[in-house]
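Chain and residue survey
Here are the chains, one letter per residue:
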Amino acid sequence: MPSAETTPSAIELLSRLVAFDTTSHKSNRALVSFVEDYLAGHGVTSHLVPTPDGEKASLFATIGPADVPGIGLSGHTDVVPADPAVWTSDPFTMRRDGGRLYGRGTADMKGYLACVLAMVPEFKRRKLKVPLHIVFSYDEEVGCTGVRPMIAELGSRLPTPRAVIVGEPTSMAVVDAHKGPVRWQVEVTGRAAHSSMAHLGVNAISVAARLIGELGQIERELAALPPDPRFTPPYPTLQVTEVTGGIASNIVPAICRFGFEVRSMPGLDVDAIEQRLTAFAKAQCLPDMQRLAPEADIVIRQSNRVPPFGADRMSEVIALALKLAGQNDTGAVSYATEAGLFQAAGVPAVVCGPGDIAQAHTADEWIAISEIERCLAFLDSLADWAET
Ligand SMILES: [Zn+2]
């Protein structure tokens, strides 16, 4: 069991972490400096992977032997925006009420970061044979973009972990699969004309509507795939998420832009979806458009891709997480995490962390102190495992 001071220490650390407003569009450097100083105070050296402008940084640190691949304790430092008008109290001042700790990021996912940091003195006390890595990223909430430069350095400037435990809020359930959002932006360029002279124009909105119709067909086909009951809903989804186009009621619109997203599942060939839409555009839309307006075009651009996550059946880290959490079964979630990116880079991953995803991204976000305690016990058992 963790020592009696560990829970108060985790709560204190969480209140410090919450006080840094690390909304994704802001800098996380003050938080990272705080963590760096805290780790230095325990004799642990941090390696930073900053953005080119230095506004943000990931942090990687190792406790234990440097020449052995370790277990990464992975989390993101950024949080989603908090509108103070809809919060009962200041989102960036942690408030305790009974068994709950309120504040932006308490559940997603500074609670996990605080638990990991609170355990550092204990990790240092242990004679770890397998090291533990602290792996903190940024910009997870805006497409899991911040962890990528750090992952790119694994195996060169940073050691490649044996596995990572991504502490997103699962209520300490062991999650071995999640969907991954892939997003595209489509721009249709037609030709403007007075709407009374429609035959001289190429209506970009009408072309976009045909493309969206094709996407609707693909959506129905995805929904008819053999269901994977681990997920809710049990099939990949496709949604058109934004549309803009047209400037006046008497002008044939020259431009229409729309965005669509596929919530992919392990094994789905999302590139085939893009290829199909591209082929449809080339065969069914562009010839007619360009006959009248040679400049007409359809550009389909992938804007973000978070790979879905599906752990290997025989994964060591899944078995380890189940043992540490005292559970028999894994689950799947529909939200995305950094786990798929680690997995894609050859680092086996599992998702398991304190707090309830239902609290994440909400006003008056909170985490139960009992969840902090369960996470600390989990990390303490991890230290036991890493010692032997
Ligand atoms: Zn998160």
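Our structure is the block above this text.
In short, a report on the structure. (Residues numbered from 1 in each chain as written. Predicted model: local features only at pLDDT ≥ 70, side-chain atom pairs only at ≥ 80, totals over all residues. Heavy atoms only, no water.)

A short note on the overall build of the protein
Stated precisely, the cut-off is as follows: Helical segments are the DSSP runs of H or I of at least four residues, strand segments are the runs of E of at least two, and each set is numbered from the N terminus. Buried residues are those whose accessible area, probed at 1.4 Å on protein chains only, stays under 20% of the maximum for their type, while exposed residues exceed 50% and partly exposed ones sit between those limits. Pairs of residues are marked as contacts when any of their non-hydrogen atoms sit within 4.5 Å. For the accessible areas, the method is Shrake-Rupley and the probe is 1.4 Å, while residue cover comes only from the protein chains on display. Neither His nor the chain ends contribute to the count of charged residues, in which Lys and Arg are positive and Asp and Glu negative. Charge positions come from single atoms, namely NZ of Lys, CZ of Arg, CG of Asp or CD of Glu.
When helices and strands are counted, the protein shows 10 helices and 18 strands. Overall, the C-alpha framework of the protein stretches about 80 × 45 × 40 Å when taken along its three principal axes. Burial statistics for the protein: of 388 residues in total, 52% are counted as buried. Looking at the protein alone, contacts between residues at least 24 apart form 80% of all its contacts between residues at least 6 apart. Split by element, the accessible area of the protein, about 16,400 Å² in all, is 54% carbon and sulfur. Averaging the coordinates of the 33 positive side-chain charges in the protein and doing the same for the 45 negative ones gives two points 2 Å apart.

Section: the pairing of strand β7 (residues 163-166)
Filter applied, for reference: Paired strands, in this sense, are two strands between which DSSP finds at least two bridges.
Of the two faces of β7, both are covered, the one formed by A163 and I165 as well as the one formed by V164 and V166. In the sheet, strand β3 (residues 71-76) pairs with β7 via 4 bridges, with the strands oriented parallel. Bridged to L73 within β7 is I165. Bridge analysis of β7 against strand β17 (residues 349-351) gives 3 bridges, and the strand direction is parallel. From the neighbouring strand, V164 faces β17, where its bridge partner is A349.

Quick word on the coordination of the zinc ion
Short version of the rule: Only nitrogen, oxygen and sulfur atoms within 2.8 Å of the metal, or 3.2 Å for Na, K and Ca, are treated as donors, and water is left out, so sites may look incomplete.
All of the protein donors around the zinc ion are H76 (NE2), D108 (OD), E168 (OE) and E168 (OE); their distances to the metal are 1.8 to 2.6 Å. Here the donor residues of the zinc ion share one chain and are spaced in sequence as H-x31-D-x59-E. Placement of H76 in strand β3 and of D108 in helix α3 (residues 106-118) is noted, with a sequence separation of 32 residues between them.

By themselves, these are just geometric observations and shouldn't be taken as functional.
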